[in-house]
Amino acid sequence: MITTLRHLLVDSWAGRAAAILIFLAFIGWGVGDVYSNMGTSGSNTIVQVGSRSITPDDLARALSTQLPAAAQQMGLADASHLPDGTKQQIARQVLHNLVIQNEVQLAGERAGMNVPDELIRKEIFAIPAFHNAAGQFDRAMLNDRLTRIGITEKRLIQMIREDIISRGLLQGMGASVQAPTSLMDRLFAFNADQRVLDVLRVPFTAGTVAAAPTDEQLHRYYDNHPQDFRTTEYRHAKMVVMTADSVAKTIEVPDDVLHKLYDFQARTYNVPETRTLQVLTFQDEAKANAAATAWRNTNAWDAIQKAYPDAAAVALPHVRQSDIPSPELAKLTFAAQANQITGPTKTAAGWVVFNITDVVAPHQTSFEQAKNDLRDQVQKQEAPQALQARLAQFQDAIAGSTTLEKIPSNLGAVPAAGSLDARGMTQDGVPAPIPGDANLRQSIIQHIFSQKKDAQPVVVNGPDGSAFAVAVDEVHPGTLRPFTEVRDQVVQAWTADQQRHAADARVTALFTEAKKGTLAKALDNQPEAVNLRKNVAVSRVHPDQSLPQNVLRAAFGLKVGTTGMYEGPDAFWLVNVTAQKPGDAGDSQSLRHDLDTQYVQSLQADIPMALDAALEKTVPVSHMNMNLFNQVVASTSPAAANGAQ
């Protein structure tokens, strides 16, 4: 159970900020006997798991930690503001976790596990929260901490005992998982095996147009492609955009958390003198003397390293005295003058010659100076989770607002409005100020120009977990420009179309010939032969970036000796697979290691789920009191928890 609480705290910003205060893991269990008036154990059981019971107290204690944490992630003031549906969902997951915890304890009992009292004593004595200023266990501090968080020493011992049993059963689980060699061979071959290709690229512009277009042809092209000769369409839209960055600004971080984070990062904000060192270490005093003389004459670090390759050379930029592994060298270098070749001096490692190229005086950043930076750290770290947690509220708000003008400001959703074209440009020819990065902007623009005027806004999932909704309230469609006004554009468009058609016909003819033999043979004595790329080796781990993605994908599907024809953004492609060969030996070690690691991690992630199912099957739940469960969920609130404490 303690393990579960540690994970809860470590996975939240509050826990990370106060990670050294392990005693906070007990707070979730510190709720008093809120439900002690509900009867004896027989009638005071939500779930019966074998010989163990999960009582309202157990569920309330766990919820008193989980619900406030969920509220913080959603940007709510406290857990009382959580929607009932969300509260129920969290409570069901918490109850499931409690069932598994009890299943694990029963498994320990079946295995005959018995935790010695001495081991429990050592665990308690090792908790930093129970140490005095000298770093020693202090009974008075133990009593004070337990009193403040509302648990007894007996309860603490029980928690420690159960935690040790859980660790004994679960730690190391999956450590022996191995990926089958045959599977790794197949995965490696799939990713590393190379296809050898002959490739021909024929640009659309390579096609030849026999004659200039007639007016009749131009008018026909103009009539068939009116969308290409219209004035720009503009749409006026309102939008609400929610991103991790916009949500981050609304996450409130208490000063006490920032203080703890500041203390935790004291090394960053309280910096003693640092120096940049260049050090040569010799085993021979004569060589050290010669190097020192040469170094003083040239004052060139790179040159002196090349001149004395046998010396151990190391450069240490901006190091503290405590960072230098050798205390002897640290003392020497921090006592020496800057920009002066010093040595040789005898040390335990050999004869050292060194130079101090930079000295930075001690400097301290106060809490007030660091406060904004600390807040940004926490907000950015918590923003992705808070963004996902608020999506349900965002969807509810959008569903209740046809004009997008009633979106709660505390969600972190940014409003914007204006007119723009399909390229995202305003009528002034500048980019529309749409919130978000380029990918999100493009997604919003596409949605604006695909959504009907006055349609009900809906939440759209954008890139990187973002979400947005748009309301199109005005459409100013473009109008067809007169032929006489756009005749030159029509000529250019008609010519490009004819060139592409001619290139298509030519490549198709070459493709037909290549299917009879090889691409290289089909190009014999043909003008395109000079553009043929032969023996292009590609693999899934080493693709040729000059080939379009659809061409690359298709190449891996072709059989050796066959040719394919494909269309890219600006050219036609002919690809002939001439051979297949094993992957490079240089890829073997790193790629096999990566594949093996991914496969093992996947299996290890499945093991806890399989274990949960096995334990619940061994000792199934024999009693479930949903009425009592609902009473606990309805009654659990920060006010109740604080009053109990």
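The coordinates are above.
These numbers were taken from a predicted model, which means no experiment stands behind them. (Residues numbered from 1 in each chain as written. Predicted model: local features only at pLDDT ≥ 70, side-chain atom pairs only at ≥ 80, totals over all residues. Heavy atoms only, no water.)

Draft legend 1. Looking closely at the environment of Asn461. Relative to the assigned elements, Asn461 resides in strand β12 (residues 460–461). Judged by relative accessible area, Asn461 falls into the exposed class, the value being 60%. Expressed as a C-alpha distance, the spacing of Asn461 and Asn630, which sit 169 residues apart in the sequence, is 33 Å. (Helix = DSSP H or I, 4+ residues; strand = E, 2+ residues; numbered from the N terminus. Buried < 20%, exposed > 50% of the residue type's maximum accessible area, 1.4 Å probe, protein only.)

Draft legend 2. Looking closely at the packing of helix α4 (residues 84–110) against helix α21 (residues 585–618). As a packed pair, α4 and α21 sit with axes 10 Å apart at the nearest point and diverge in direction by 70 degrees. By the criterion of interaxial angle, the relationship of α4 to α21 is roughly perpendicular. Residues His96, Ile100, Glu103, Val104, Ala107 and Arg110 of α4 touch α21, and the partners they reach there are Asp612, Leu615, Glu616 and Thr618. For the contact of α4 with α21, the residue count by class is 4 nonpolar, 2 polar and 4 charged. (Axes fitted to C-alpha atoms, helices over the stretch in contact; angles between N-to-C directions. Parallel < 35°, antiparallel > 145°, perpendicular 65-115°, else oblique. Contact = heavy atoms within 4.5 Å. Nonpolar A, V, L, I, M, F, W, Y, C, P; charged D, E, K, R; others polar.)

Draft legend 3. Structural view of the pattern of salt bridges. One pass over the full model with this rule turns up 26 salt bridges. A salt bridge links Asp570 to Arg201, with the nearest nitrogen and oxygen atoms 3.2 Å apart. With Asp570 in the loop between β15 (563–567) and β16 (571–581) and Arg201 in strand β3 (residues 194–203), this pair connects stretches of sequence that are 369 residues apart. Arg201 sits in the partly exposed class, given a relative accessible area of 33%. Between Arg423 and Asp421 there is a salt bridge, with its nearest N and O atoms 3.4 Å apart. Owing to a relative accessible area of 2%, Asp421 belongs among the buried residues under this scheme. (Salt bridge = Lys/Arg side-chain N within 4 Å of Asp/Glu carboxyl O.)

Draft legend 4. Fine view of unusual backbone geometry. Going from Gly343 to Pro344, the amide bond is cis rather than trans, its omega being 10 degrees. Locating Pro344 in the fold gives a position in strand β8 (residues 342–347). The backbone of Leu404 shows a phi angle near 60 degrees, a positive value even though the residue is not glycine. On the secondary structure map, Leu404 appears in the loop between α16 (367–399) and β11 (413–420). Leu404 gets classed as buried once you look at its relative accessible area, which sits at 7%. Although it is not a glycine, Asp454 sits at a positive phi angle of roughly 65 degrees. Tracing the backbone shows Asp454 in the loop between α17 (438–448) and β12. When its relative accessible area of 56% is taken as the criterion, Asp454 is described as exposed.

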